[in-house]
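Structural features, examined
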Amino acid sequence: LPTIIRDAPYAALYLFFYIKAKEWIQPLFFDGSPAGKGIAAMTMNFSCGLLGGGLATLFTQPQDVIKTRMQLSRHKPMYNDKYGSAWQTMKRMFNEEGLYGFFRGSSPRFVKRCLGSAITWTIYEETVLFYDKLLRRRPSRKTDEQAVNT
């Protein structure tokens, strides 16, 4: 359950921020469609992926810390009651560490998620563009059949 509480909002925010960043940044890169603009399109997709992954990571960092604490406490026999539920974990963390406790370890996660998001979106968008160009070049079946019949 703690993993779902972290991953579902992350996926939704990740996609939302990527799409919104692309809508906002695209006019800065292009006057029209980004198709066929090469490096500029890749740079835009990378930047939007970086931004989307970064913002989603910041918003879901507290859920990740709670999940991690709960999972790690299960492996320590004497600490099973310390982080028994999500609510108990949140209360204990806030009382012992304050708000900072919810963002512990955010730097490595932030770098990993930002770069992963940027690379993933860049590869995805370039693959879509590649196959779109490939399918446009391929003659349709009707054209081939008409050429044989004439």
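Throughout what follows, the structure given in this document is the object of discussion.

Procedures and definitions
- Residues numbered from 1 in each chain as written.
- Predicted model: local features only at pLDDT ≥ 70, side-chain atom pairs only at ≥ 80, totals over all residues.
- Heavy atoms only, no water.
- Phe/Tyr/Trp six-rings, centres within 6.5 Å; stacked < 30°, edge-to-face > 60°.
- Buried < 20%, exposed > 50% of the residue type's maximum accessible area, 1.4 Å probe, protein only.
- Lys NZ or Arg CZ within 6 Å of the ring centre and 35° of its normal.
- Salt bridge = Lys/Arg side-chain N within 4 Å of Asp/Glu carboxyl O.
- Helix = DSSP H or I, 4+ residues; strand = E, 2+ residues; numbered from the N terminus.
- Core = buried A, V, L, I, M, F, W, Y, C linked by side-chain atoms within 4.5 Å.
- Contact = heavy atoms within 4.5 Å.

1. Some thoughts on the packing of aromatic side chains
Overall, the coordinates contain seven aromatic pairs when judged by the stated rule. Measuring from ring centre to ring centre gives 5.1 Å for F130 and Y131, while their planes differ by 75°; the resulting arrangement is edge-to-face. Judged by relative accessible area, which is 48%, F130 ranks as partly exposed. Grouping aromatic residues by their ring pairs yields a cluster made of Y10, Y14, Y18, W121 and Y124. Over the face of the ring belonging to Y10 we find R113, whose NZ or CZ atom lies 4.3 Å from the ring centre.

2. Focus: the pattern of salt bridges
Summed over all chains, the structure comprises eight salt bridges. In this structure, E125 engages K22 in a salt bridge whose closest nitrogen and oxygen atoms are separated by 2.9 Å. Note that E125 is positioned in helix α4 (residues 106–137) and K22 in helix α1 (residues 2–29), a separation of 103 residues in sequence. For K22, a relative accessible area of 18% translates into the label buried.

3. Some words on the nonpolar core
By size, the foremost hydrophobic cluster in this structure holds twelve residues: Y10, Y14, F17, Y18, A21, I25, F30, A41, M44, C48, A56 and W121. When residues of this core are traced back to their parent elements, those giving at least two are α1 and α2 (39–73). Of all the elements, α1 adds the most residues to this core, at six residues. The residues contacting Y14, other than those within four sequence positions of it, are G52, G53, A56, S117, T120 and W121.

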